Amino acid sequence: MASYALQIAGLVFSGIGMVGTVAVTIMPQWRVSAFIGSNIVVFENIWEGLWMNCIRHANIRMQCKVYDSLLALSPDLQAARGLMCAASVLSFLAFMTAILGMKCTRLTGDDENMKSRILLTAGILFIITGTVVLIPVSWVANSIIQNFYSPVVDPGQKRELGEALYIGWTTALVLIASGALFSCVFCCTEKNSSYRYSVPSHRTTQKSFHMEKKSPSIYSKSQYV
């Protein structure tokens, strides 16, 4: 029962992580405009993402433009685009693998040991996916912070951390947590299997006891005289 609860929790977490990975990849709010100085009234917000940049005027109208070339991106965003695309594919493959290893799935049979190994594979894939998501998000955040505090960068070019980065960090933690849950399912199944094979059943013990009790003596009566 505990193993099945871990499977359900892992599947829910992995589904949230997969959706979050795709959402972070699409969202344009990786870098947002920083408001520095004495100007309090803000009439436009600038968002920079992996695929487009957007300008929102006075919270009313928003215009977005897709990047004309990959070279128009900074090196950290170029790497982030490739890594996030890879993470999206990995999260989908890991989610489908986890479904095949679920207890309620009949496609892979009823062998619990084989299903636990499938879930372990899915767990490893989710941990790798979480790491792949964490790398570009942290890289871009570090670049934003360095440019923000750099005196060389013009104040108009400075950016702040966008919502996509915070969602990315949360998604990475959720993916790693789902991988850990599926790994725990494998450990629980292996522990139950080893316990099942190491402890003989009561029926077998009782049967062997009666056989020993009813077995005739190998010595004849003349040998006792």
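See the structure above.
Structural notes, computed from the coordinates. (Residues numbered from 1 in each chain as written. Predicted model: local features only at pLDDT ≥ 70, side-chain atom pairs only at ≥ 80, totals over all residues. Heavy atoms only, no water.)

**Quick notes on the overall build of the protein chain**
Inference 1: Looking only at helices and strands, one finds five helices and five strands in the protein chain.
Inference 2: For the protein chain, the α and β elements follow one another from N to C terminus as α-β-β-β-β-α-α-β-α-α.
Inference 3: Out of the 225 residues in the protein chain, the part that is buried amounts to 36%.
Inference 4: Summarising the internal contacts of the protein chain: among those between residues at least 6 apart in sequence, 65% fall at separations of at least 24.
Inference 5: Accessible surface, the protein chain as shown: approximately 14,100 Å² in total, 67% of it carbon and sulfur. (Helix = DSSP H or I, 4+ residues; strand = E, 2+ residues; numbered from the N terminus. Buried < 20%, exposed > 50% of the residue type's maximum accessible area, 1.4 Å probe, protein only. Contact = heavy atoms within 4.5 Å. Areas by Shrake-Rupley, 256 points an atom, 1.4 Å probe, with all protein chains shown as cover.)

**Considering the sheet that holds strand β1 (residues 31-33)**
Each strand in a sheet pairs with its neighbour through backbone hydrogen bonds, running either in the same direction (parallel) or in the opposite one (antiparallel).
Inference 1: If you trace the five strands from one edge of the open sheet to the other, you get β4-β3-β2-β1-β5, paired in antiparallel fashion. Since the sheet does not close on itself, it has two edges, and those belong to β4 (61-66) and β5 (159-161), each with one partner. For this sheet, the mean inter-axis angle between neighbouring strands, taken without regard to orientation, is 25°.
Inference 2: Note: β1 against β5, three bridges, orientation antiparallel. If you follow arginine 31 over to β5, its bridge partner there is leucine 161.
Inference 3: Taken strand by strand, helix α3 (residues 112-148) contacts β1 and β5, and its axis lies near 140° from that of β5. (Pairing = 2+ DSSP bridges. Axes fitted to C-alpha atoms, helices over the stretch in contact; angles between N-to-C directions.)

**Here we look at the nonpolar core**
Here is a general trend for soluble globular proteins: nonpolar side chains tend to be buried in one another's company.
Inference 1: By size, the foremost hydrophobic cluster in this structure holds 29 residues, and its most contacted members are Trp30, Phe126, Val133, Val140 and Leu165.
Inference 2: The set of elements that each furnish at least two residues to this core consists of α1 (2-26), α2 (75-100), α3 and α4 (163-198).
Inference 3: If you tally residues by element for this core, the top one is α3, at nine residues.
Inference 4: Ignoring sequence-local partners within four residues, the contact set of leucine 165 consists of Gln29, Trp30, Val137, Val140, Ala141 and Ile144. (Core = buried A, V, L, I, M, F, W, Y, C linked by side-chain atoms within 4.5 Å.)

**Notes on a nonpolar patch on the surface**
Inference 1: A contiguous nonpolar patch, built from Tyr4, Ile8, Val12, Phe13 and Ile16 and spanning about 410 Å² of accessible area, is present on the exposed surface.
Inference 2: Tracing the sequence through the fold places phenylalanine 13 in helix α1.
Inference 3: Judged by relative accessible area, which is 35%, phenylalanine 13 ranks as partly exposed. (Patch = residues over 30% accessible without salt bridge, like charges linked within 9 Å, V, L, I, M, F, W, Y side chains within 5 Å. Salt bridge = Lys/Arg side-chain N within 4 Å of Asp/Glu carboxyl O.)

**Some remarks on the packing of aromatic side chains**
Inference 1: Under the definition given, this model contains three aromatic pairs.
Inference 2: Aromatic side chains phenylalanine 126 and phenylalanine 182 sit 6.0 Å apart centroid to centroid with 25° between the ring planes, which places their arrangement in the stacked category. Placement of phenylalanine 126 in helix α3 and of phenylalanine 182 in helix α4 is noted, with a sequence separation of 56 residues between them.
Inference 3: On the basis of relative accessibility, which here comes to 0%, the residue phenylalanine 182 falls in the buried class.
Inference 4: A centroid spacing of 5.2 Å and a plane angle of 80° characterise the contact between phenylalanine 148 and tyrosine 149, whose relative ring orientation is edge-to-face.
Inference 5: Tyrosine 149 sits in the exposed class, given a relative accessible area of 66%. (Phe/Tyr/Trp six-rings, centres within 6.5 Å; stacked < 30°, edge-to-face > 60°.)

**Details of the state of the cysteines**
Inference 1: Enumeration over the complete set of coordinates arrives at one disulfide.
Inference 2: The disulfide bridge from cysteine 54 ends at cysteine 64, spanning 2.1 Å between sulfur atoms. Taking the sign of the S-S torsion, about 110° here, the bridge from cysteine 54 to cysteine 64 comes out right-handed. Taken together, the positions of cysteine 54 in strand β3 (residues 52-57) and cysteine 64 in strand β4 put the pair ten residues apart, joining distant regions of the chain. (Disulfide = S-S within 2.5 Å.)

**Looking at the side chain of threonine 129**
Inference 1: Structurally, threonine 129 is set in helix α3.
Inference 2: Beyond its immediate sequence surroundings of up to four residues, threonine 129 is in contact with Ala87, Leu90, Ser91 and Leu175.

**A closer look at the side chain of threonine 25**
Inference 1: With respect to the helices and strands, the residue threonine 25 is situated in helix α1.
Inference 2: Residue threonine 25 is classed as buried on the basis of its relative accessible area, which comes to 7%.
Inference 3: There is a polar contact of 3.4 Å between the side chain of threonine 25 and the side chain of serine 88.
Inference 4: Each residue touching threonine 25, except ones within four places of it in the same chain, is listed here: Leu50, Trp51, Met84 and Ser88. (Polar contact = N/O pair within 3.5 Å; in protein donor to acceptor, adjacent residues only side chain to side chain.)

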